[in-house]
2 protein chains.
Amino acid sequence: MQQQFTLEDILKFDQRYRATFVNSLGGFKSLVLIGTVNDKGHTNLAVFNSFFHLGAHPPLFGFVVRPDSAERHTLENILTSGEFTVNHVDATFYKQAHQTSARYPENVSEFTATSLTPHYMEPFKAPFVTESKIKIAAEFVRKIDLVENGTIIVVAKIKSVVLPKDCVEMDGYVDLEKAGSISCVGLDSYHTTTKIARLSYAKPDMPLEIIT
Amino acid sequence: MQQQFTLEDILKFDQRYRATFVNSLGGFKSLVLIGTVNDKGHTNLAVFNSFFHLGAHPPLFGFVVRPDSAERHTLENILTSGEFTVNHVDATFYKQAHQTSARYPENVSEFTATSLTPHYMEPFKAPFVTESKIKIAAEFVRKIDLVENGTIIVVAKIKSVVLPKDCVEMDGYVDLEKAGSISCVGLDSYHTTTKIARLSYAKPDMPLEIIT
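Residues numbered from 1 in each chain as written. Chains lettered and ligands numbered in written order. Predicted model: local features only at pLDDT ≥ 70, side-chain atom pairs only at ≥ 80, totals over all residues. Heavy atoms only, no water.

Caption draft 1: Spotlight on the overall build of chain A. The helix and strand tally for chain A stands at six helices and 13 strands. Against the globule reference of 17 Å for 212 residues, chain A gives a C-alpha radius of gyration of 19 Å, in line with a compact fold. Expressed along its principal axes, the backbone C-alpha trace of chain A runs to roughly 60 × 50 × 30 Å. For chain A, with 212 residues in total, the buried portion stands at 58%. (Helix = DSSP H or I, 4+ residues; strand = E, 2+ residues; numbered from the N terminus. Rg over C-alpha atoms; globule rule 2.2 N^0.38 Å. Buried < 20%, exposed > 50% of the residue type's maximum accessible area, 1.4 Å probe, protein only.)

Caption draft 2: Focus on the interface of chain B and chain A. Listed per partner, the contact involves 104 residues of chain B and 105 residues of chain A. Together, the buried faces of chain B and chain A total about 9200 Å²; carbon and sulfur atoms form 62% of this surface. Our count for the chain B to chain A interface comes out at four salt bridges. Where Arg198 of chain A meets Asp188 of chain B, a salt bridge forms, and the shortest distance between an N and an O atom there is 2.9 Å. Connecting chain B to chain A are 47 residue pairs in polar contact (both at pLDDT 80 or more). Here the residues of the side of chain B that touches chain A sort into 55 nonpolar, 29 polar and 20 charged. Here strand β11 (residues 152–164) of chain A runs beside strand β1 (residues 2–6) of chain B; their pairing, made up of five bridges, is antiparallel. Bridging from a neighbouring strand, Val162 of chain A pairs with Gln4 of chain B of β1 of chain B. (Contact = heavy atoms within 4.5 Å. Buried area = accessible area lost by both parts, 1.4 Å probe. Salt bridge = Lys/Arg side-chain N within 4 Å of Asp/Glu carboxyl O. Polar contact = N/O pair within 3.5 Å; in protein donor to acceptor, adjacent residues only side chain to side chain. Nonpolar A, V, L, I, M, F, W, Y, C, P; charged D, E, K, R; others polar. Pairing = 2+ DSSP bridges.)

Caption draft 3: View of the pairing of strand β6 (residues 59–65) of chain A. Residue and element names in this part refer to chain A. With seven of seven residues buried, β6 is to be regarded as a mostly interior element. Along β6, one buried face is formed by Pro59, Phe61, Phe63 and Val65 and the opposite face, lined by Leu60, Gly62 and Val64, is buried too. Note: strand β5 (residues 52–56) against β6, four bridges, orientation antiparallel. Bridging from a neighbouring strand, His53 pairs with Phe61 of β6. Hairpin connection between β5 and β6: a loop of two residues separates the two successive antiparallel strands.

Caption draft 4: Highlighting the pairing of strand β3 (residues 32–37) of chain A. All names here are of chain A. Within β3, six of the six residues are buried, which leaves it mostly tucked inside the rest of the structure. The alternating pattern of β3 places Val32, Ile34 and Thr36 on one face and Leu33, Gly35 and Val37 on the opposite face, and all of these are buried. Pairing analysis gives six bridges linking β3 to strand β4 (residues 43–48), with the strands arranged antiparallel. By the bridge assignment, Gly35 is partnered in β4 with Leu45. Counted along the chain from β3 to the antiparallel partner β4, the turn is five residues long, and its residue Gly41 has a positive phi close to 90 degrees.

Caption draft 5: A look at the relation of the copies chain B and chain A. Between chain B and chain A, the superposition needs a rotation of 180 degrees and an axial shift of 0.0 Å, giving an RMSD of 0.0 Å. Such a turn and shift between the copies fits a two-fold axis. For chain B, the residue whose C-alpha comes nearest the rotation axis is Thr193 of chain B, separated from it by 2.1 Å. (Least-squares fit on C-alpha atoms with pLDDT ≥ 70 in both.)

Caption draft 6: Just the pattern of salt bridges, in detail. On inspection of all chains with the given rule, the structure shows 14 salt bridges over all chains. Here Glu148 of chain A and Arg142 of chain B are joined by a salt bridge, their closest N and O atoms 2.8 Å apart. Of this pair, Glu148 of chain A sits in the loop between β10 (135–145) and β11 while Arg142 of chain B is found in strand β10 (residues 135–145), placing the two residues in two different chains. For Glu169 of chain A, the salt bridge goes to Arg198 of chain A, with nearest N and O atoms at 3.7 Å.

Caption draft 7: Highlighting the packing of aromatic side chains. Counted by the stated rule, this structure contains 21 aromatic pairs over all chains. On the basis of an interplanar angle of 75 degrees and a centroid distance of 5.0 Å, the ring pair of Phe48 of chain A and Phe63 of chain A is categorised as edge-to-face. Taken as a pair, Phe48 of chain A in strand β4 and Phe63 of chain A in strand β6 lie far apart in primary sequence, 15 residues in all. The pair formed by Phe48 of chain A and Phe63 of chain A is uniform in burial state, with each residue classed as buried. Seen in terms of ring centroids, Phe5 of chain B and Phe21 of chain B are 5.1 Å apart; in terms of plane orientation they differ by 65 degrees. Their pairing is edge-to-face. Residue Phe5 of chain B is found in strand β1, and its partner Phe21 of chain B is found in helix α2 (residues 15–25); the two are separated by 16 residues along the sequence. Chaining the aromatic ring pairs together yields one cluster made of Phe48, Phe51, Phe61, Phe63 and Phe84 of chain A. The ring of Tyr201 of chain B has Arg16 of chain A sitting right over it, with the charged end atom 4.8 Å from the ring centre. (Phe/Tyr/Trp six-rings, centres within 6.5 Å; stacked < 30°, edge-to-face > 60°. Lys NZ or Arg CZ within 6 Å of the ring centre and 35° of its normal.)

Caption draft 8: Region of interest: the sheet that holds strand β12 (residues 183–185) of chain A. Taken together, the six strands give an open sheet; going across it, the order is β2(A)-β12(A)-β13(A)-β13(B)-β12(B)-β2(B), and neighbouring strands pair in antiparallel fashion. With one partner strand each, in any of the chains shown, β2 (29–30) of chain A together with β2 (29–30) of chain B form the two edges of the open sheet. The pairing of β2 of chain B with strand β12 (residues 183–185) of chain B spans two bridges and is classified as antiparallel. What sits directly across from Ser30 of chain B, in β12 of chain B, is Ser183 of chain B.

Caption draft 9: Region of interest: the nonpolar core. Ranked by size, the top nonpolar core spans 37 residues in total, and within it Phe61, Phe63, Phe84 and Leu163 of chain A together with Phe21 and Leu25 of chain B carry the most contacts. Looking at this core element by element, the count peaks at six residues for β11 of chain A. Beyond its immediate stretch of four places on either side in the chain, Phe63 of chain A contacts Ile34, Phe48, Ser50, Phe51, Phe52, Ile78, Phe84, Ile152, Ile153 and Val154 of chain A. Counting residues in each nonpolar core, the second largest holds 36 residues, with Phe84, Val154, Leu176 and Ala179 of chain B among its members. (Core = buried A, V, L, I, M, F, W, Y, C linked by side-chain atoms within 4.5 Å.)

Caption draft 10: Layout of helix α3 (residues 72–81) of chain A. Residues of α3 of chain A that are buried include every one of His73, Thr74, Leu75, Asn77 and Ile78 of chain A, and no others. Backbone geometry just downstream of α3 of chain A places Gly82 of chain A in the positive-phi region, at approximately 80 degrees.

Below, the structure is given as structure tokens:
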């Protein structure tokens, strides 16, 4: 049985119910930990599920920050230092990743609070997550303020990627299942995946083929 | 064994290899079909994997358009009509969804070309996808031009949602696995999911609990 919710219905929802409902509608999302450092050398780590691809040449991506949340330290540190790390999350430490969303004081590092291990890689000052199998160093490009609700889109460029060699296939495809990366839905639901297939490049009047 | 790729390495990749590689790094993504209609009444349907949540109050989301691709008709129609539909994709029609990315001429509807069935719901003029279990009607809010690479972020507001009643849980969480929604990686890899757990709201010094 189908059910319809109009905008008016959604606006009348209880705040928590609405956040859970609308977030779920966004579908399956990537799950990453963003590592930063402030000008006093204090590290910060925060989980994000809004990482999205913006382009390959140059390699650009974006993610969304809510400045009234535990994510505000991440944004402050990125604006100060101009750099950060992006670390894929797998099933062995997804609870620790989730725990980074708690509102710790600025002087408490989420690395310490959640027992994740910082890893440093020259020339980057921001900490990577040792436990993460896919690590990306990123450079801040610019931020876009959303006047509609005060959220901010951070646009960034990939500076370096470290990942298991056997996860990169012949055509550049990165096998995220082999790397153990997981997905999430809404604010709190974590999911492993199973590949159905990769499909060939689509052309009009040409049948699709399964690549792998 | 770990492998490192710097920005310089990535910029030297063959174009197709680079697109596949960088797209994969974005992690698991949502998969939706966007339905539009132009001022002559011609329908268009295109697959997108860049749908991202921007806020719940009001319910806002964004997605990324590459104007030099098969996605250009979608953008033109949205700018003209101010509305569009977002339809979740499941495993029963993912090949048809993928096929919509082929470059059909403007007068060929991807509905006809891929044998997906348009569905109309008052007062919206844009077509929904009958086969899709989660259907969203959306209103264009604004576009953000990315000077860095010519892509465009479309910001939109949810006007209405139709979904199976038994997929909405007590707290507003939408069970996307029950609805059959699938995920994708990169440009062409499709994945089903298996829930690990939902975790409780994180607070400092409070142990996490598994909700379901």
